[in-house]
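Here is how the chains run, residue by residue.
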Amino acid sequence: MSFDPIFIRLSGVNGVDTAFLFGLFTAVSMPFFIQTMDKRGLVTTYLESGWPVVISGLLMLGSASCLVMSIKLTTVANTFVILSTTPALAALFSWLFLREVTQRSTWIAIAAVMVGIVIVVSGSFQAGNWTGDLLALAAASFLSLNQTLLRKYQGVSRMASVGLGGLFLAIAMFYFATPSEYSFSTWTIMAVMGLFTAPFGRVLSQTATRYITAPEVGMILMIEAVFAPVLAYLFFTEIPAMASFLGGAVILVTVFSYALFTAKATN
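The structure displayed is predicted, hence computed values, not measured ones.

Enquirer: How would you explain the overall build of the protein chain if you had to name every residue and give the values?
Expert: What the protein chain contains, in helices and strands, is 13 helices and 0 strands. A globule of 267 residues ought to have a C-alpha radius of gyration of about 18 Å, and the protein chain, at 18 Å, matches this closely. The principal-axis extent of the C-alpha atoms belonging to the protein chain is close to 45 × 40 × 25 Å. Burial status across the protein chain gives 52% buried among its 267 residues. Pairs at least 24 residues apart make up 88% of the contacts formed inside the protein chain by residues separated by at least 6 positions. When the accessible surface of the protein chain is totalled, it reaches about 12,400 Å², and 72% of it is carbon and sulfur. Of the side-chain charges in the protein chain, 12 are positive and 10 negative, and the distance between the mean point of each set is 11 Å.

Enquirer: Break down unusual backbone geometry for me, citing the residues and quoting the values.
Expert: In the Ramachandran plot, Thr237 falls in the positive-phi region, its phi being about 55° despite a non-glycine side chain. Here Thr237 lies in the loop between α12 (223-236) and α13 (242-266).

Enquirer: Could you give an account of the environment of Ala136, naming the residues involved and the relevant values?
Expert: Structurally, Ala136 is set in helix α8 (residues 130-152). The exposure class assigned to Ala136 is buried, which follows from its relative accessible area of 1%. C-alpha separation for the pair Ala136 and Ala19, spaced 117 residues apart in sequence, amounts to 15 Å. Ala136 has contacts with Ser70, Thr79, Ile82 and Leu83, leaving out every residue within four places of it along the chain.

Enquirer: Any details on the UniProt feature "transmembrane region" (unreviewed entry) in the protein chain? Residues and values, ideally.
Expert: When the UniProt feature table is mapped to this numbering, "transmembrane region" (unreviewed entry) covers residues 20-37, 49-71, 77-98, 107-128, 162-178, 184-205, 217-236 and 242-261. Secondary structure content for residues 49-71 is 96% helix and 0% strand, and the end C-alpha separation is 31 Å. Helix makes up 76% of residues 162-178 and strand makes up 0%, while its end C-alpha atoms are separated by 24 Å.

Enquirer: Run through the packing of aromatic side chains, naming residues and quoting values.
Expert: Counted under the stated rule, the structure contains 10 aromatic pairs. Their ring planes at 90° and their centres at 5.2 Å tell us that Tyr175 and Phe176 sit as a pair that is edge-to-face. Assessed through its relative accessible area of 71%, Tyr175 is described here as exposed. Residue Phe176 is classed as exposed on the basis of its relative accessible area, which comes to 55%. Centre to centre, the rings of Phe235 and Phe236 are 6.2 Å apart; their planes meet at 45°, and the pair counts as tilted.

Enquirer: I'd like a description of the side chain of Arg158, backed by residues and values.
Expert: Here Arg158 is to be found in helix α9 (residues 158-174). Despite its burial, Arg158 pairs with no opposite charge, the nearest such side chain being Asp38 at 10 Å. At 2.8 Å, the side chain of Arg158 forms a polar contact with the backbone oxygen of Val156.

Enquirer: Which residues make up the pattern of salt bridges, and what are the values?
Expert: Counted under the stated rule, the structure contains 4 salt bridges. With a shortest N-O distance of 2.9 Å, Asp4 and Arg202 are connected by a salt bridge. Taken together, the positions of Asp4 in helix α1 (residues 4-10) and Arg202 in helix α10 (residues 184-207) put the pair 198 residues apart, joining distant regions of the chain. Classification of Asp4 by relative accessible area gives buried; the value is 1%. Taking relative accessible area as the criterion, Arg202 reaches 8% and is therefore assigned buried.

Basis of the calculations
Residues numbered from 1 in each chain as written. Predicted model: local features only at pLDDT ≥ 70, side-chain atom pairs only at ≥ 80, totals over all residues. Heavy atoms only, no water. Helix = DSSP H or I, 4+ residues; strand = E, 2+ residues; numbered from the N terminus. Rg over C-alpha atoms; globule rule 2.2 N^0.38 Å. Buried < 20%, exposed > 50% of the residue type's maximum accessible area, 1.4 Å probe, protein only. Contact = heavy atoms within 4.5 Å. Areas by Shrake-Rupley, 256 points an atom, 1.4 Å probe, with all protein chains shown as cover. Lys, Arg positive; Asp, Glu negative; His and termini not counted. Charge placed at Lys NZ, Arg CZ, Asp CG, Glu CD. UniProt positions renumbered as here; feature names shortened; annotations may be inferred. Phe/Tyr/Trp six-rings, centres within 6.5 Å; stacked < 30°, edge-to-face > 60°. Salt bridge = Lys/Arg side-chain N within 4 Å of Asp/Glu carboxyl O. Polar contact = N/O pair within 3.5 Å; in protein donor to acceptor, adjacent residues only side chain to side chain.

This is the structure in structure tokens:
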């Protein structure tokens, strides 16, 4: 998923059109792969996933649209540093909705993460990018809620969830999109993202929770917060503000330490 910002920036269209194409191609690719890879077939897969797959799809609509808009409005580093708060937010939502016991270390981690976000956003207020930062926080919240939902309903097909989310995204953005104005390069770039890299990144990250603990998944996904800004620098020479480095350091150290501590505690 670290490649998402590259495709989004290279698309050459605004955030609404980018989100529309992302959803459209995802809605095309996922049903095809469900039909060919899941023995149950497309219809049975959705029926057996039940109503939770609809909620999961709506949460993906929220996370994907906020992610696209965030990358359009703030630096890639800010977006992905804020997204790295997902494990801590997931712990908070698990406590709220699943009534899972929340240890003191979790509350400390959440408090430290919030401090890091404040530092990152403070730098964006000076640069006028704070709207993009808030959208990144919204995207992280939707992702965390989706993780919490899928944690409770393990039988939900991850591909069905992502495919339905893509369909909802395409429908929501269709009224505002202008497909007749897209160039060939826009269609091509977003096809690569929407058909392959973006949906499968999400499917794999969701499926990983069946094999390793949620903290371990979160710890591995933190690579995005490092890899995505490096790619942004290589492709666009984008250098984050000092506040992004400081706030990012607080968030990454906190989430890494929390995930490592939790992973050890569950072994």
